[in-house]
Amino acid sequence: MVNLGLFTGNKPLKSRKVSFRIPYYTQWGQHLLICGSDALLGSWNVKKGLLLKPSHQGEELIWSGSIPVPPGFQSEYSYYVVDDTRNILRWEVGKKRKLLLPDGLQDGQLLELHDLWQTGSDNIPFSSAFKDVIFGRSWSLGVERPWGITQNTSDQDGSVLQFRICCPYLEEGTSIYVIGSSLKLGQWKIQDGLKLAYAGDSFWQADCIMGKDDFPLKYKYCKYGKAGTSVECGASRELFVDVATGESRFVLLSDGLMREMPWRGAGVAIPMFSVRSEADLGVGEFLDLKLLVDWAVESGFHLVQLLPINDTSVNCMWWDSYPYSSLSVFALHPLYLRVEAMSENIQEDIKQEIREARVQLDKKDVDYEAAMATKLSIAKKIFAREKESILNSKSFLEFFSENQEWLKPYAAFCFLRDFFETSDRSQWGRFSEFSKEKLEKLVSKESLHYEVISFHYYIQFHLHLQLSEAAEYARKKGVVLKGDLPIGVDRNSVDTWVYPNLFRMNTSTGAPPDYFDKNGQNWGFPTYNWEEMSKDNYGWWRARLTQMGKYFTAYRIDHILGFFRIWELPDHAMTGLCGKFRPSIPISQEELESEGLWDFNHLTQPYIGQELLQEKFGASWTIIASTFLNEYQKGFYEFKEECNTEKKIASVLKSFLETSMLVKSEEKLRRKLFDLLQNVALIKDPEDLRKFYPRFNIEDTTSFKDLDQHSQNVLKRLYYDYYFQRQEGLWRQNALKTLPVLLNSSNMLACGEDLGLIPSCVHPVMQELGLVGLRIQRMPSEPGLEFGIPSQYSYMTVCAPSCHDCSTLRAWWEEDEERRHRFFQAVVGSDELPPDQCTPEIVHFVLRQHVEAPSMWSIFPLQDLLALKEDYTTRPAVEETINDPTNPKHYWRYRMCIRPLCCLSVPHPPPKEETCTCDDGILA
């Protein structure tokens, strides 16, 4: 190569060598590489990144590599796990690393970067739940030495070490030190240790010159100040430097998070509609959260968890009490509006109407329809008097400008729903298909309907103000407000109207048979078109999370399994049994034929013999057969065309019973007819007739039982392969495409509801991404256990004795005598006869288990906390259940006990961040 310096008279530029080093355990066939923003590191093209080489150092596997760089070099970079052809298998979570050459780095000097792999859990302290609430500080911390600035060490011999540590929480008057085996680090004496300077963004750094005799170096970080001294947990950190080469080097030690006892806290879970106060109108309201926060603070709780609070007004009746069936994923529910707070100038006649409504609506349970009608009626009267001043105010105009992308379609949808008296947009004539042009005409100020449209703007504006006020109050009080992100939207929603391409409208979402329902669940939501969503990098999801982040500092991802795979059903299904996972690798016709299975009619069509009909319907079997079935072969039947889906069966059955002399329960007959329809071994893919999916619980069907032994063995093997083996890589890949988008869209602490049939890839991915899981004691994720063991839960979990989708602790205890005996023996450790009633002593025992669990959070449904005192257990336990997952038309209406929230007195837990050794609080 030509040396241009010979011709120009300039000396050739000397390069610096940068060496990367990171400990990381890989599996066979996996490699580590670095990719970054500069061309030397591949310009973010992993195929061109720097491949590292492995070596063993003690028990650690160290990956390292180096490149020469020019003076002034800087780059962002990250580490990746790749296969032999550099396909990405895993990547670091969190912010990109920054490489800046230190000021004191000399020509020819080696810069060593000692890094640690960044996991999702490393980001937990930087979530808004911790940074802005739990660790939020009232005192400011000024930057002492900006990131990357080093002390002048060019005139000193030895290796330059720069210590870097992240410490998100620091009390006022406290400093960070590094102490260690070297005299330069005080030989483990804090007063002689090396004090670190604040570099910003919770990072601290300091430089030190080390000679040959200082290596190998052992060290730890510690806090030192008014509150005392605390040294980080775990074994000493160790640094080995090859001093034999005599090479001058600059070592940057990026040591990750300071190792401290992990913070743990407790919280309370209650639906917004269940809160009761002296000011509400028959249902909990956003401003009631301030009372709930005050109670939480007094009780030692750090978190309040709610169910979804988005508008669900699809049917304009009590069915809309279901909080997971969103009309809009952006709009807040008018149900939670406090009409009194909408204006400071409410006229006396309206005030009197509010007072009377408060008395009328003060019932044991929520009267959804009455509460909605009353609030909207009063709100319209207030709106009529002050619409001009509010709609032209600066605060409203700012709100409208920030939210018009979703607010305009929402208001138009509400108007059209009311005008046509249905949310089924197929009944809306020219408005059936959404277009921006039609929308703008409908919502323009010149429109005849603008006053109705603007009323919906007005309601959303006040809901925003009231929830924002409550959210800010919670932050200031040090209480995390945790929201809920539903997995689906109603098929007759604003979102499916505006973005129909993002949904598979001919399908329905649900869950396969599990703890909640042995027949599976059918939620009725359309499944997502992930391929279409990916085209704009999941913009709809990003907008949802951004909107949520305005109010909440933590959130629960409903049915997180749906981001790995979703249980998809045809839209004509009413139950959740005969579905398939999307995405999934089906069983091909070629696979089946190669195994000797050829009778696809037997495998895929309902297998209905005369013996089965007689068994199910007794003497009435001939009437049922003549109404719903055709005999296609002697003794074997098939459903008529007009009865060959669950929805068709339900419709025909209803008409049949209106004219029939048959005295039978419609529900029982429908269930038995559905059993016949579901009596298949394989489900044919409607989009590819040569692809098949095994029916869940295939061995329960007579279609399977009547097969020969060879065919049964083949199907059992393919069943296990489909549900538990062949999909794992695909599902992991799917989750790693979608979940990081959610996590990067806000600073909220993300928790995933990982209950149900859990693929083996779920927990590793959640751990990798820093997602907090959920552990319910009666639904253990560990095989072979009937009851979970809270003391064995991992830190990255929320633990709870119950949740909104199951019975309360008190009801669960009382509903099954044999299970109660097993729990008393296995968990309580007693062979005595357990009490029939769930006494405060039993509740105390169970709650104490959860308070003392290693989980990051123990979150208790309010009903379980109230059960600590007999005064609050006079209501039948079954009435405290929030939801019955087996009933798709369940009325969500539970309200907490009659006494107003401000009067409640509940024993409370000590702060969970402290080890509980006392006898007071919730454990007293």
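Residues numbered from 1 in each chain as written. Predicted model: local features only at pLDDT ≥ 70, side-chain atom pairs only at ≥ 80, totals over all residues. Heavy atoms only, no water.

Participant: Sorry, what's going on with the sheet that holds strand S23 (residues 507-511) here?
Facilitator: Within a sheet, neighbouring strands are paired by backbone hydrogen bonds and run either parallel or antiparallel to one another. Spatially, S24-S23-S27-S28 is the arrangement adopted by the four strands of the open sheet, whose pairing is antiparallel. Each edge of the sheet is formed by a strand with only one pairing partner; in this case those strands are strand S24 (521-522) and strand S28 (580-582). Across three bridges, the pairing between strand S27 (residues 566-570) and S28 is antiparallel. Following the sheet pairing, Glu 568 is matched in S28 by Lys 580. (Pairing = 2+ DSSP bridges. Helix = DSSP H or I, 4+ residues; strand = E, 2+ residues; numbered from the N terminus.)

Participant: Looking at this structure, how should I read the nonpolar core?
Facilitator: Soluble globular proteins tend to bury their nonpolar side chains together. Membership of the largest hydrophobic core comes to 172 residues, with the highest contact counts inside it found for Trp 540, Trp 541, Tyr 555 and Leu 715. The contact partners of Leu 715, leaving out residues within four places of it in the chain, are Leu 592, Leu 597, Leu 603, Ala 681, Leu 682, Ile 698, Phe 704 and Leu 707. (Core = buried A, V, L, I, M, F, W, Y, C linked by side-chain atoms within 4.5 Å. Buried < 20%, exposed > 50% of the residue type's maximum accessible area, 1.4 Å probe, protein only. Contact = heavy atoms within 4.5 Å.)

Participant: Got a minute to help me understand the sheet that holds strand S31 (residues 629-633) in this structure?
Facilitator: On the basis of which strands lie adjacent, the open sheet formed by three strands has the order S30-S32-S31 and antiparallel pairing. Bordering the open sheet on either side are strand S30 (608-609) and S31, each of which pairs with just one other strand. Relative to strand S32 (residues 636-639), S31 runs antiparallel, the two sharing four bridges. Counted as the bridge partner of Gln 633 is Phe 636 from S32.

Participant: Help me out: how do you make sense of helix H14 (residues 610-617) in this one?
Facilitator: The α-helix advances 3.6 residues per turn, and as a result positions three or four apart in sequence lie on the same side. For H14, the complete set of buried residues consists of Leu 612, Leu 613 and Phe 617. Along the axis of H14, the buried positions cluster into a sector of 105°, meaning they face one direction only. The exposed residues of H14 that point more than 90 degrees off its buried face are Glu 611 and Glu 615. The first or second residue beyond H14 is Gly 618, which carries a positive phi of 60°. (Arc of directions from axis to C-beta.)

Participant: Could you clarify how one ought to interpret the pattern of salt bridges in this entry?
Facilitator: When the charged atoms of two side chains with opposite charge come close together, those side chains can pair. Inspection of the entire model under this criterion finds 52 salt bridges. In this structure, the salt-bridge partner of Arg 726 is Glu 591, at a minimum N-O distance of 2.8 Å. Of this pair, Arg 726 sits in the loop between helix H19 (709-724) and helix H20 (728-743) while Glu 591 sits in helix H12 (residues 589-594); the two residues are 135 residues apart in sequence, bridging distant segments of the chain. The class of Arg 726 is buried, set by a relative accessible area of 17%. Note that Arg 875 and Glu 879 form a salt bridge whose closest N and O atoms lie 3.2 Å from each other. Given a relative accessible area of 29%, Glu 879 falls into the partly exposed group. (Salt bridge = Lys/Arg side-chain N within 4 Å of Asp/Glu carboxyl O.)

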